[in-house]
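Take a look at the letters that make up each chain.
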Amino acid sequence: MRQALEEIRTTAVAQISTAEEQALLEQLRVQYLGKKGELTAILKKMGGLSAEERPVVGALANEIRGQLEDAIQKRADELREVLLTRQLAEESLDVTLPGKRPAQGGLHPFGKVLGELEEIFLGMGFDSVTGPEIEYDKYNFEMLNMPKSHPSRDTQDTFYITENILLRTQTSPMQIRTMLQEKPPIRIICPGRVYRSDPADATHSPIFHQIEGLAVDKGITFTDLKGTLDLFIKQLYGPDTRTRFRPHHFAYTEPSAEMDMSCFKCGGKGCPLCKYEGWIEILGCGMVHPKVLENCDIDPEVYSGFAFGAGLERIAMMRYDIDDMRLLYENDLRFLRQF
Ligand code: DAH
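Residues numbered from 1 in each chain as written. Predicted model: local features only at pLDDT ≥ 70, side-chain atom pairs only at ≥ 80, totals over all residues. Heavy atoms only, no water.

(A) Focus on the environment of R177. Inspection of the secondary structure assignment puts R177 in helix α7 (residues 173-181). Owing to a relative accessible area of 24%, R177 belongs among the partly exposed residues under this scheme. Excluding its chain neighbours within four sequence positions, the residues that come into contact with R177 are P132, E135, Y136 and Y139. (Helix = DSSP H or I, 4+ residues; strand = E, 2+ residues; numbered from the N terminus. Buried < 20%, exposed > 50% of the residue type's maximum accessible area, 1.4 Å probe, protein only. Contact = heavy atoms within 4.5 Å.)

Quick look at the structure:
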């Protein structure tokens, strides 16, 4: 029996110390030390031994069990080490490979030009506010002196949600909203999306953008309007740019005007961009109509104000020399990356 135990010791130790895989080690453990293992099988036969032999064989069997357990543990540790080393070698990083650059976004030309506009007007003491695109007919038209029958509504046909709620055709309703909420002194600009049922072409789109301006205070005159808008254009297009004001009509201003600026391309000599006129129309403006002030509970005998509204597309197209408005909406990166 002792000999059988010694044989188990020798073969088992040899097998364990050369096992190449964790699974094989486990298999050997079951084979020798498991409940139905070889060592166990021998111990079960110990009943047939003499009283002197039994403790000696028992001690030997325990010694071998301990030895095999140690050997398995040791080999398992070795295997783990080997595995780790191999894994580290296989997964090593080549730090000299060029990295992957994440795509970097940029501002849309609208965002850029709007940033410039806001900077200019904030510098003159205006606040920038925003308002709803779904608007009451009352604010978009009626309180701006354009009752339901008014002919100038014809050029501002829009999308109606109900008879009295529509997609705003202009940012001018923000004049009403502001004056209903705050009392003078008021100085705001309001950029935002506006809607008209116009088919899209190089200079039209059913959705476009405007920027509105309003200043109401005691003693505001047409001179303030001219000075403010002239400075704005000079800051945006350069100090040599000139402006001129032509009489016009808007229902909510009196007097009303349109402002032109000298063509930034030819300096006023005449070129294809300005259609050989030397001037480019840039915005509508005027002194806030006394009735509009009254509609908002502001006394026109005490206060006066000026207002203006400009198309953001037009300003951006002029600023960046873009000849087709649709380019601004198509999100073509080849176009947008130029800004
Ligand atoms: N709302 C006008 C338009 O859409 C632009 C405009 C003209 C705004 C005169 C004004 C203004 O505030 O005083 O064409």
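Anyway, onward from the coordinates.
(B) Here's a closer look at the packing of aromatic side chains. Scanning the model with the defined rule gives ten aromatic pairs in all. Chaining the aromatic ring pairs together yields one cluster made of F121, F126, F232 and F308. (Phe/Tyr/Trp six-rings, centres within 6.5 Å; stacked < 30°, edge-to-face > 60°.)

(C) Spatial organisation of the nonpolar core. Within the largest apolar cluster, 44 residues are counted, with the highest numbers of intra-cluster contacts made by L229, F232, I282, L283 and I315. Ranked by residues supplied to this core, first place goes to helix α8 (residues 222-237) with six residues. Setting aside chain neighbours within four positions, we find F232 in contact with L117, I120, F121, M124, L283 and I315. In terms of nonpolar packing, the next biggest core, distinct from the first, is built from 22 residues, Y32, L39, L49 and A61 among them. (Core = buried A, V, L, I, M, F, W, Y, C linked by side-chain atoms within 4.5 Å.)

(D) Molecular detail of helix α2 (residues 22-33). With twelve residues, α2 extends 16 Å from end C-alpha to end C-alpha; this agrees with the ideal 16 Å at 1.5 Å per step. Those residues of α2 that fall on the buried side of the exposure criterion are L25, L28, Y32 and L33. Down the axis of α2, the smallest arc covering the buried residues is 90°, so these residues share one side. In this structure, α2 carries A23 and Q27 as exposed residues pointing more than 90 degrees from its buried face. Against the buried residues of α2 lie α1 (2-18), α3 (38-44) and α4 (53-90). (Expected span 1.5 Å × (residues − 1). Arc of directions from axis to C-beta.)

(E) Spatial organisation of the domain arrangement of the protein. According to the domain assignment, the protein consists of domain 1 (2-90) and domain 2 (109-336). Placing the centre of domain 1 and that of domain 2 at their C-alpha centroids yields a distance of 91 Å. (Domains from an automatic or database assignment.)

(F) Just the sheet that holds strand β10 (residues 304-311), in detail. Spatially, β1-β5-β6-β10-β9-β8-β7 is the arrangement adopted by the seven strands of the open sheet, whose pairing is mixed. Of all strands in the sheet, those with a lone pairing partner are β1 (127-128) and β7 (243-250), marking the two edges. Where strand β5 (residues 186-195) and strand β6 (residues 207-217) come together, ten bridges link them in antiparallel fashion. Each bridged residue has a counterpart across the sheet, and for C190 the counterpart in β6 is E212. Helix-sheet contacts for α7 involve β5, β6, β9 (279-288) and β10, and the interaxial angle to β5 is about 140°. (Pairing = 2+ DSSP bridges. Axes fitted to C-alpha atoms, helices over the stretch in contact; angles between N-to-C directions.)

(G) Geometry of the pattern of salt bridges. As enumerated under the stated definition, the model contains 21 salt bridges in all. In this structure, R75 and E78 form a salt bridge, with 2.5 Å as the shortest nitrogen-oxygen distance. Here R75 pairs with E78, and both are found in helix α4, just three residues apart, close to one helical turn. According to the relative accessible area criterion, E78 is partly exposed, its value standing at 32%. Between D332 and R334 there is a salt bridge whose closest N-O contact spans 2.7 Å. Ionic contacts of the salt-bridge type, sharing partners, join the residues E20, K74, R75 and E78 into one network. (Salt bridge = Lys/Arg side-chain N within 4 Å of Asp/Glu carboxyl O.)

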